[in-house]
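Fold and geometry: a report
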Amino acid sequence: QVQLVESGGGLVQPGGSLRVSCVASGSIFRINAMGWYRQAPGKQRELIASITSGGTTNYADSAKGRFTISKTGAKNTVLLQTNSLKPEDTAVYYCNADIIVTDMRREYYWGQGTQVTVSS
C-alpha cells in the first residue's frame with residue numbers, strides 16, 4: 001500500500017502565501033508523476049499543478065504565475081508554493097500520485113486533503 005500525507009494548509013489573508021507539501025510512502029517502485037488538485041464547496045475537483053518524474057510541470061490557468069510545484073531533495077516529496085492568494089483559492093487541496101508499486105502495477109493514490117482558506 002501507498003500513503004500520501006499532505007501538510008501546510010491553513011488560514012491566510014488575501015495576497016499572502018502558503019506552502020503545502022505531500023509525502024508519499026509505502027510500497028513504491030517508481031513515482032511517474034505527482035500533482036495537486038483542489039475542491040471548493042459545491043464545485044468539482046480540479047487539477048492545479050502537476051510534475052513528472054523528469055521534472056516537467058503543468059499548471060491550470062488559474063495557477064500560472066502564482067503557484068509553483070516542485071520536488072524537494074527529500075525522497076518522494078512534492079511542494080506547492082502558493083503566492084498572491086485570492087479568496088477564490090479557498091478549497092481543500094489534495095495530493096495525487098501516479099505510482100508504479102513494488103509488484104509493478106500502476107496505481108493512483110490520493111491524500112486526505114488539507115484546507116486552505118483565504119480570508120481577511
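What you see is a predicted model; the values in this text were computed from it and never measured. (Residues numbered from 1 in each chain as written. Predicted model: local features only at pLDDT ≥ 70, side-chain atom pairs only at ≥ 80, totals over all residues. Heavy atoms only, no water.)

Some remarks on the overall build of the chain
Along its length, the chain carries 0 helices and 11 strands. In the chain, the order of α-helices and β-strands from amino to carboxyl end is β-β-β-β-β-β-β-β-β-β-β. Here the C-alpha coordinates of the chain stretch approximately 50 × 25 × 25 Å along the principal axes. By residue count, 42% of the 120 residues in the chain fall in the buried class. The contacts in the chain between residues at least 6 apart in sequence include a share of 53% that link residues at least 24 apart. For the chain, the computed accessible surface area is about 6,300 Å², with 49% contributed by carbon and sulfur atoms. Each charge class in the chain was averaged separately, 12 positive and 8 negative side chains, and the resulting centres sit 4 Å apart. (Helix = DSSP H or I, 4+ residues; strand = E, 2+ residues; numbered from the N terminus. Buried < 20%, exposed > 50% of the residue type's maximum accessible area, 1.4 Å probe, protein only. Contact = heavy atoms within 4.5 Å. Areas by Shrake-Rupley, 256 points an atom, 1.4 Å probe, with all protein chains shown as cover. Lys, Arg positive; Asp, Glu negative; His and termini not counted. Charge placed at Lys NZ, Arg CZ, Asp CG, Glu CD.)

A few points about the side chain of Arg66
As for its placement among the helices and strands, Arg66 is situated in the loop between β6 (57–59) and β7 (67–71). A polar contact is formed between the side chain of Arg66 and the side chain of Asp89, at a distance of 2.7 Å. Sequence-distant contacts of Arg66, defined by excluding residues within four places in its chain, comprise Gln81, Thr82, Asn83, Ser84, Leu85, Lys86 and Asp89. (Polar contact = N/O pair within 3.5 Å; in protein donor to acceptor, adjacent residues only side chain to side chain.)

Focus: the pattern of salt bridges
Per the stated rule, a full pass over the model turns up 7 salt bridges. Arg38 serves as the salt-bridge partner of Glu46, at 2.8 Å between the closest nitrogen and oxygen. A residue is classified by how much of its surface remains accessible, and Glu46, at 35% relative accessible area, is partly exposed. Look at Arg38 and you get buried, because its relative accessible area is 6%. Among the ionic pairs, Arg106 bridges to Asp98, the shortest N-O distance being 2.5 Å. One salt-bridge network, in which partners are shared between bridges, spans Arg38, Glu46, Arg66 and Asp89. (Salt bridge = Lys/Arg side-chain N within 4 Å of Asp/Glu carboxyl O.)

Section: the layout of surface pockets
Taken as a whole, the largest pocket encloses approximately 150 Å³ of empty space. For the lining of the largest pocket, the secondary structure elements donating two or more residues are β4 (28–39) and β5 (46–52). Split by residue class, the lining of the largest pocket holds 5 nonpolar, 6 polar and 1 charged. (1 Å grid on protein atoms, 1.4 Å probe; cavity = no way out; pocket = protein on both sides within 12 Å on 5 of 7 lines; lining within 4 Å. Points joined across faces, edges and corners; volume = space filled by probe spheres on them. Nonpolar A, V, L, I, M, F, W, Y, C, P; charged D, E, K, R; others polar.)

Let's talk about the state of the cysteines
Scanning the entire structure with this criterion turns up 1 disulfide. One disulfide bridge connects Cys22 with Cys95, the sulfur atoms lying 2.1 Å from each other. Taking the sign of the torsion about the S-S bond as the criterion, the disulfide between Cys22 and Cys95, at about -80°, is left-handed. Of the two residues, Cys22 sits in strand β3 (residues 18–26) while Cys95 sits in strand β9 (residues 91–101), which places them 73 residues apart along the sequence. When its relative accessible area of 0% is taken as the criterion, Cys22 is described as buried. (Disulfide = S-S within 2.5 Å.)

Quick look at the nonpolar core
Counting residues in hydrophobic clusters, the biggest one holds 30 residues, and the most contacted among them are Leu4, Met34, Trp36, Val78, Leu80 and Ile99. The greatest single-element share of this core, amounting to 6 residues, is contributed by β9. The residues contacting Leu4, other than those within four sequence positions of it, are Cys22, Val23, Ala24, Met34, Cys95, Asn96, Ala97, Tyr109, Trp110, Gly111 and Gln112. (Core = buried A, V, L, I, M, F, W, Y, C linked by side-chain atoms within 4.5 Å.)

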